[in-house]
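What follows is each chain in one-letter form.
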Amino acid sequence: MEKLNVGLIGGGFMGKAHSLAYAAMPMFFWPAPAIPVRKALADVTEERARSVADQYGFEESTADWHDLIEDPDIHVIDIATPNNMHAEAAIAAAEAGKHIISEKPLANTSEDARRMYEAAKKAGVVNMAAFNYRRTPAVALAKKYIEEGSIGEILNFRGTYLQDWSADPESPLSWRFQKSVAGSGALGDIGTHVVDMARYLVGEISAVNSMLATWIPERPKQDSGVDSLGNAKGGGPKAPVDVDDEIVTMLKFENGAIGSLEATRNAWGRNNFITLEIHGTKGSIYFNYERRDELQVCFSDDPADRRGFRTIYTGPNHPYGANMWPIPALGIGYGETKIIETYDFVNAIVNGHEADPSFRDGYQISLIADAIVESAASEAWTNVQKVDS
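Attention in this report is confined to the structure presented alongside it. (Residues numbered from 1 in each chain as written. Predicted model: local features only at pLDDT ≥ 70, side-chain atom pairs only at ≥ 80, totals over all residues. Heavy atoms only, no water.)

### Quick notes on the pairing of strand S13 (residues 273-280)
Line of reasoning, step 1. S13 sits mainly inside the fold: 7 of its 8 residues count as buried.
Line of reasoning, step 2. Across 6 bridges, the pairing between S13 and strand S14 (residues 283-288) is antiparallel. Opposite Thr275, over in S14, you have Asn288 as the bridge partner.
Line of reasoning, step 3. Counting the residues between successive antiparallel strands, the hairpin from S13 to S14 contains 2 residues. (Buried < 20%, exposed > 50% of the residue type's maximum accessible area, 1.4 Å probe, protein only. Helix = DSSP H or I, 4+ residues; strand = E, 2+ residues; numbered from the N terminus. Pairing = 2+ DSSP bridges.)

### Some details on the sheet that holds strand S11 (residues 246-253)
By way of backbone hydrogen bonds, the strands of a sheet pair with one another, either parallel or antiparallel.
Line of reasoning, step 1. Read from one edge to the other, the open sheet built from 9 strands follows the order S16-S15-S14-S13-S7-S12-S11-S8-S17, with strand pairing classed as mixed. With one partner strand each, in any of the chains shown, strand S16 (310-313) and strand S17 (382-383) form the two edges of the open sheet.
Line of reasoning, step 2. Along the sheet, helix H6 (residues 137-148) contacts strand S7 (154-162), S13, S14, strand S15 (294-299) and S16; its crossing angle with S15, the most-contacted strand, is approximately 20 degrees. (Contact = heavy atoms within 4.5 Å. Axes fitted to C-alpha atoms, helices over the stretch in contact; angles between N-to-C directions.)

### Things to note about the side chain of Glu246
Line of reasoning, step 1. Among the structural elements, Glu246 can be located in strand S11.
Line of reasoning, step 2. As a buried residue without a salt bridge, Glu246 has its nearest oppositely charged side chain in Arg265, at a separation of 9.8 Å.
Line of reasoning, step 3. For Glu246, the contacting residues outside a window of four places in its chain are Ala186, Met211, Leu212, Ala213, Trp215, Glu262, Ala263 and Thr264. (Lys, Arg positive; Asp, Glu negative; His and termini not counted. Salt bridge = Lys/Arg side-chain N within 4 Å of Asp/Glu carboxyl O.)

### Concerning the packing of helix H4 (residues 86-95) against helix H5 (residues 110-123)
Line of reasoning, step 1. Their axes nearest at 9 Å, the elements H4 and H5 cross at an angle of 10 degrees. Of the possible angle classes, the one that applies to H4 and H5 is roughly parallel. Counted together, His86, Ala87, Ala90, Ile91 and Ala94 of H4 and Asp112, Arg115, Met116, Ala119, Ala120 and Ala123 of H5 form the full contact between these two elements.
Line of reasoning, step 2. Its residues assigned to classes, the contact of H4 with H5 shows 8 nonpolar, 1 polar and 2 charged. (Parallel < 35°, antiparallel > 145°, perpendicular 65-115°, else oblique. Nonpolar A, V, L, I, M, F, W, Y, C, P; charged D, E, K, R; others polar.)

Spelled out as structure tokens, the structure:
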């Protein structure tokens, strides 16, 4: 069976999630399209790289990510770093003929996202933007129902992504609060996930009317380079926050549907509250990621005396289900979405087709984010620039 040697750049939380997926994917999707080999890992220092490589099961380690690009034995470059490092690494990987998967958002500016997209397209390498939440089987099932016409013509989309990990003003100044590293705040970090699912389920977004807010203007400096995600208290000197904490936007879709999107990291009591509600001419769909085994559906052709939302628990009869767990509702987790993502990425490499979502999608999402920022500044509807085919 073919093997694909993986070079992972970044050994933090996302690096752990990706490493787990490389190890587990063949266990679930057997026979696997290829076996990912955890070949080499790069992180900020030699000591940390070696420690994390041992923890995540990589054969080699380095403090210089260029070593992974230059290694002829590495087939795949996986970028799991802060946003400002994505473009340089991805472009170098593309020029070296490596297949690439990059964490989201694709880059911290749309210009860098464009450069990544064009470099990968020119090189002809398989490329994927890691918007993994669309891989939740219940979301894929929603896609199936929509494509089958089960809810008719889509009229309305409502999406939220609410968190509270940074609602405490004493949570440290993660790189996610620094524009020079992250590019944006809640918009890029979590709002883009909902944008991705809106495009996946409903269609292309054509215009936005938005508001942005920063609720906590400064935070304690972080003691280490490891992203704490609010799990520690500061207490030391504070520094400015120069990104958004919250975004609210109305949406217009090319197909005539309308909608709304809200994302915040300041919603006490909300942990990873991603919700989607889609209304069509023949029914509705509702999904809540915190109950990710479930998809709620209502079909207009149900008899009147039993019409209402029903709960479907995803399992073997649903998308990806035959490869996951043997009965419904055993529990789909974050790790499973990454395992499915890895399968789709590896399958695209082996079979020579475009991955989905690709860097082109990541670039389009960056342009939508730009329109949201522009709309918030102008307090007016703003058209979204479209990536050329």
